[in-house]
Amino acid sequence: MRIALLAHLRHPIAPPFAGGLEAYTWSLADGLAARGHSVALFASGDSDARFALDPVIPVHHERSHAGLEHRGDAGLKAHLDDGYASACDRIAAGGFDVLHNNSLSRLPLEKRRTAATPTVTSLHVPPYDALRWFVQASPAPGHRITAPSRAHLDAWWPDGAPPEASVLHNGIDPAAWPYRPDGDGSAVWCARITPDKGAQHAIGAARQAGLPLTLFGPIEEPDYWAAQVAPLLGGSIRYGGQLSGTALAAEVGRASVFLATPCWDEPFGLAAIEAMACGLPVAGFARGAVSEVVGEAGSLAAPGDQAGLARAIGAALVIPRPIPRARVLRLFTRACWLDRCEVLYAQARAGTDPAAAKRLLLPRLSHSVRVKAET
């Protein structure tokens, strides 16, 4: 298939990733291309040049309009709307078989656009007012909508989702997160350093539990870092910087427990499954999709409860490391994720005709079965 991928534009779609959405979009482009699809990535112009890149805007907007995300800035809104409108026009005229929309923009949701190009829209944020109506009005036979967890889908449609909306769990390549049978007794935390990720809670809980802790991730909000994180560093609590790829996997894999401390309704939690693939159990706050993602591979506390999180760390440490790894292999691999994406693409292309969808999918599914049998 010829697939257009439309990205969010706050950060480049390139390693080292600023956050989970950037990692998600990059991995999607990489995985689909590896399966033989022709992929065009519509993203900021400073994204990874290894893909067939069609720039929506010249550079990511955190560089051109720094610090204006979520602030209702009219200049940024016009800049993004102009870029997305032009990109959507190019996609409609480009003869693509399907568009996978990860943009967080209302423009690709317009019915005239989804009628022109079969579309799958993946939701990555809570149902905030600026997007809620457009999403809820957009389902159609040729427009499928996904959420990365049941909790997230229910947040968008508390009275029940339409048939065109479904759960699409995120997935990772387990080979990129090698399993290690033992940890070194430390804790690790990986996320963007912003208030909604709760690094200060991870530090407080690790100190109470008596464990060394290393934080990894980009410092996205310097004021928060300076006021609530940096003063807590020292001794056994350190900041390891922003790493990616094999370097980050090695740092995560040597730890004994992963801390997940969302202070918002986390739609999924990609960093948690990366750590779980390495064998780390998770201690975290039971907020958003964390319970759904972690399952038997961790122990959770009430949101914001540092003392409870310290106790959860103790409980998580006794969970055998094969359990988290097995959960990832069962539910959250990139192969499972991409298989499901291809099903959704076929459904969008076939509209309401299940027989047509089956015909579109049969060659790919047969290939997938052969590959799994051989491995």
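Per an unreviewed UniProt entry, the protein chain is named Clustering-based subsystem, and its organism is Methylobacterium phyllosphaerae.

K.L.:
I'd like to hear about helix H8 (residues 222-229), residue by residue, with values.
P.N.:
Among the residues making up H8, those that are buried are Tyr224, Trp225 and Val229. Around the axis of H8, the buried residues are gathered within 100 degrees of arc, so they sit on the same side. In this structure, H8 carries Pro222, Asp223 and Ala227 as exposed residues pointing more than 90 degrees from its buried face. Looking at the buried positions of H8, the neighbouring elements they touch are helix H7 (199-209), strand E9 (213-216) and strand E10 (237-239).

K.L.:
How would you explain the side chain of Arg144 if you had to name every residue and give the values?
P.N.:
With respect to the element layout, Arg144 can be found in strand E6 (residues 143-147). There is no salt bridge for the buried Arg144, and the closest opposite charge comes from Glu164, which lies 6.1 Å off by N-O distance. Every residue in contact with Arg144, bar those within four places of it in the chain, is listed here: Thr119, Val120, Thr121, Pro163, Glu164, Leu344, Gln347, Ala348 and Gly351.

K.L.:
Break down the packing of aromatic side chains for me, with residues and values.
P.N.:
Per the counting criterion, the structure on display carries seven aromatic pairs. With a centroid separation of 5.8 Å and an interplanar angle of 65 degrees, the aromatic rings of Trp26 and Phe51 are classed as edge-to-face. With Trp26 in helix H1 (residues 20-34) and Phe51 in the loop between strand E2 (38-43) and strand E3 (52-55), the pair connects residues that are 25 residues apart, well separated along the chain. Of the residues examined, Phe51 reaches a relative accessible area of 11% and is grouped as buried.

K.L.:
Give a detailed account of the pairing of strand E12 (residues 282-285), specifying residues and quantitative values.
P.N.:
Every second residue of E12 is oriented toward a common face, with Val282 and Gly284 on one face and Ala283 and Phe285 on the other, all of them buried. Two elements, strand E11 (residues 257-260) and E12, share three bridges in a ladder whose sense is parallel. Following the sheet pairing, Ala260 is matched in E12 by Gly284. Remark: the E11/helix H10 (residues 270-277)/E12 crossover connection has right-handed handedness. Relative to strand E13 (residues 298-301), E12 runs parallel, the two being bridged by four bridges. Following the sheet pairing, Ala283 is matched in E13 by Ser299.

K.L.:
Give a description of the pattern of salt bridges that names residues and reports values.
P.N.:
Scanning the model with the defined rule gives 22 salt bridges in all. Residues Arg10 and Glu62 are paired through a salt bridge, measuring 2.9 Å at the closest nitrogen-oxygen approach. Here Arg10 is found in the loop between strand E1 (2-6) and H1, whereas its partner Glu62 is found in helix H2 (residues 61-64), with 52 residues between them in sequence. Each member of the pair, Arg10 as well as Glu62, is classed as buried.

K.L.:
Help me get a handle on the nonpolar core, residues and values and all.
P.N.:
Judged by nonpolar contacts, the single largest core of 30 residues is most densely connected at Trp177, Val188, Cys190, Val252, Phe258, Ile273 and Leu280. Of all the elements in the fold, those that place two or more residues in this core are strand E8 (187-190), helix H9 (245-253), E11, H10 and helix H11 (290-294). Discounting residues that sit within four places of it in the chain, Val252 has contacts with Trp177, Val188, Cys190, Ala275, Cys278 and Leu280. By size, the runner-up hydrophobic cluster in this structure holds 26 residues, among which are Trp189, Ala205, Ala283 and Leu309.

K.L.:
Got a sec to walk through the packing of H1 against helix H14 (residues 334-350)? Specific residues and values, please.
P.N.:
Their axes nearest at 11 Å, the elements H1 and H14 cross at an angle of 80 degrees. Put simply, H1 runs roughly perpendicular to H14. Residues Tyr24, Ser27, Leu28, Asp30, Gly31 and Leu32 of H1 form the contact with H14, whose participating residues are Arg334, Trp337, Leu338, Cys341 and Tyr345. Of the residues belonging to the contact of H1 with H14, the class tally is seven nonpolar, two polar and two charged.

K.L.:
Before we move on, could you go through the sheet that holds E9 and cite the residues and values that matter?
P.N.:
One open sheet accounts for six strands, arranged E10-E9-E8-E11-E12-E13; its pairing is parallel. Two strands lie at the open edges of the sheet, namely E10 and E13, each paired on one side alone. Averaged over all neighbouring strand pairs, the angle between strand axes comes to 20 degrees, with direction disregarded. Relative to E11, E8 runs parallel, the two being bridged by two bridges. Counted as the bridge partner of Ala187 is Val257 from E11. Packed on one face of the sheet, H7 meets E8, E9, E10, E11 and E12 and runs near 170 degrees to E9. The sheet contacts of helix H12 (residues 306-317) involve E11, E12 and E13, and relative to E12 the element is tilted by about 155 degrees.

K.L.:
I'd love a proper account of the environment of Ala283, names of residues and values included.
P.N.:
Structurally, Ala283 can be placed in strand E12. Note on Ala283: relative accessible area 0%, which makes it buried. Filtering out sequence-adjacent residues up to four positions away, Ala283 remains in contact with Val257, Phe258, Leu259, Ala260, Ser299, Leu309, Ala312, Ile313 and Ala316.

Basis of the calculations
- By convention here, each chain's residues receive numbers from 1 onward along its written sequence.
- Reporting of local features is limited, given that this is a predicted model, to residues whose pLDDT is at least 70; pairs of side-chain atoms are given and counted only at 80 or more, and all residues count toward the totals for whole chains, interfaces and linings.
- With hydrogens and water excluded, all non-hydrogen atoms of the structure serve as input to the side-chain values.
- Only protein chains enter the accessibility calculation, which uses a 1.4 Å probe; a residue whose area is less than 20% of its type maximum is buried, one above 50% is exposed, and one in between is partly exposed.
- For helices the rule is a DSSP run of H or I covering at least 4 residues; for strands it is a run of E covering at least 2, with both sets numbered from the N terminus onward.
- This arc is taken over the directions from the axis of the helix to the C-beta atoms.
- Whether two residues are in contact is decided by their heavy atoms, any of which lying within 4.5 Å being enough.
- Charged residues are defined narrowly, with Lys and Arg counted positive, Asp and Glu counted negative, and His plus the chain ends left uncounted.
- By convention in these notes, a salt bridge is any Lys or Arg side-chain nitrogen within 4 Å of a carboxyl oxygen on Asp or Glu.
- For Phe, Tyr and Trp, rings pair up if their centres lie within 6.5 Å, where Trp contributes its six-membered ring, and each pair is then called stacked (planes under 30 degrees apart), edge-to-face (over 60) or tilted (otherwise).
- The pairing criterion for strands is at least two bridges between them, as found by DSSP.
- A crossover gets the label right-handed when its path from the first strand over the helix to the second runs clockwise, viewed with the strands pointing away from the viewer.
- Throughout, nonpolar core names a set of buried Ala, Val, Leu, Ile, Met, Phe, Trp, Tyr and Cys residues whose side chains join them through atoms within 4.5 Å.
- For every element, the axis is a line fit to its C-alpha atoms; helices are fit only across the contacting stretch, and the angle between N-to-C directions ranges from 0 to 180 degrees.
- Convention used here: angles under 35 degrees read as roughly parallel, angles over 145 as roughly antiparallel, angles from 65 to 115 as roughly perpendicular, and any remaining angle as oblique.
- Charged means Asp, Glu, Lys or Arg here, nonpolar means Ala, Val, Leu, Ile, Met, Phe, Trp, Tyr, Cys or Pro, and polar covers whatever is left, Gly included.

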